[in-house]
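One-letter residues, chain by chain:
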Amino acid sequence: MIKFIRIADMKTVFSGIQPSGLVHLGNLLGAINNWVKLSDGDSKNYFCIVDLHSLTGLPNKNDLKKSIDDTLKVLIASGINLETSVIYKQSDLQEHAYLSWILSNFCQVGELQRMTQFKEKASSFGTHSGLLTYPILMASDILIHKANEVPVGDDQTQHLELTRNIAERFNNNYGEIFPIPEKTSGKSGARLMSLRHPENKMSKSSDDINGTIYFNDSKDSILKKFKSSVTDSENIIKYDQKNKPGISNLIEIYATINDIKISDAEKEFQNSQYGEFKIAVAETVFDYLKPIKNRFDELTTKDIDDIVDENIKLAKNSAQETIKEVEEALGIC
Ligand code: TRP
């Protein structure tokens, strides 16, 4: 049966990723893989490289530029359907920062000071006001396209709650402009851990580079990293995050890529040794990354420029429409 969707009923999805070094398996299975799936659904999607957010960490200029370019290329190569989705970088649309100023008037300083992420980061970097107002910029990212749904990890729940409050306060004062966005975790929003220190999140800044799989790692390197992954001495392939974080992480990777339940992955390997299991996971990861890496290598500068130009236009149109309504509502048009 053909499914008819009225444009007015179409949901808008927004999500963002910070450009922070080479894209790794944690980024892919935690967010991008889910975006690829969403892009084959009924919603209109905006996937944004939130480079203005990254400035809060005062990154090195060349590192940031390279991270942005690589992340953009990986998103394009990831298989996100560009018929339903717009991929762009935040700093290409000044509307994000403009709306952020407007929204800052609907948010209390105390609320920002209570954010867990602020409290954590403020202590390690010292406190500049960008770290404090970060969640307002995030609210502006989401509201600028009037998003209904925001697929993000649980570490972003508080920020989303604040976004909803900001939107409600704006609407109560100036009229119903913004939909109140919902957090969706997405079926495959896996939270990958380091292969070497499975109690820590997989990240590019991990103290042991063998704990992180990069999207462009060679087959040898993937195999090596999985073979040397830290597990336990039980030799039982069972998901138990607390007592068996290493094996649980490998099961999660295998189940997410194959889109199967954790229990089915456990069953499949119930008679296997850790050594065999590690190799099976490594091969699955390699097969998953291969098409992404191939498309990445094939993309020419012209392909990228064309996609970027077209997508900036689409994102700008949407953002400017919202800004016009907001300005009219506020009486600043
Ligand atoms: N704060 C998010 C993170 O650190 C990134 C982000 C910025 C984001 N703006 C967003 C995520 C809007 C979802 C929607 O992961």
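Residues numbered from 1 in each chain as written. Predicted model: local features only at pLDDT ≥ 70, side-chain atom pairs only at ≥ 80, totals over all residues. Heavy atoms only, no water.

Draft legend 1. Up close: the site of the ligand. Surrounding the ligand, one finds 13 residues, the nearest of these being Tyr134, Met138, Asp141, Val152 and Gln156. Within the side chain of Asp141, one N or O atom sits 2.7 Å away from a nitrogen atom of the ligand. With the chains in place, 89% of the 370 Å² that the ligand exposes on its own is no longer accessible. Mapped onto the shell around the ligand, the elements with two or more residues apiece are strand S1 (12–17) and helix H7 (129–144). The element contributing the most residues to the shell around the ligand is H7, with four residues. (Near = heavy atom within 4 Å. Polar contact = N/O pair within 3.5 Å; in protein donor to acceptor, adjacent residues only side chain to side chain. Areas by Shrake-Rupley, 256 points an atom, 1.4 Å probe, with all protein chains shown as cover. Helix = DSSP H or I, 4+ residues; strand = E, 2+ residues; numbered from the N terminus.)

Draft legend 2. Region of interest: the packing of aromatic side chains. Evaluation of the coordinates by the stated rule reveals nine aromatic pairs. On the basis of an interplanar angle of 5° and a centroid distance of 4.6 Å, the ring pair of Trp35 and Phe47 is categorised as stacked. With a gap of twelve residues between them, Trp35 in helix H1 (residues 25–38) and Phe47 in strand S2 (residues 44–49) connect regions that are remote in the sequence. Considered together, Trp35 and Phe47 belong to a single accessibility category, that of buried residues. Here a set of aromatic residues connected by ring pairs shows up, and it is made of Phe106, Phe170, Tyr174 and Phe178. Cation over ring: Lys73 sits above Phe296, and NZ or CZ is 4.2 Å from the ring centre. (Phe/Tyr/Trp six-rings, centres within 6.5 Å; stacked < 30°, edge-to-face > 60°. Buried < 20%, exposed > 50% of the residue type's maximum accessible area, 1.4 Å probe, protein only. Lys NZ or Arg CZ within 6 Å of the ring centre and 35° of its normal.)

Draft legend 3. Inspection of unusual backbone geometry at higher detail. Although it is not a glycine, Leu58 sits at a positive phi angle of roughly 45°. Of note, Leu58 is situated in the loop between helix H2 (51–54) and helix H3 (61–77).

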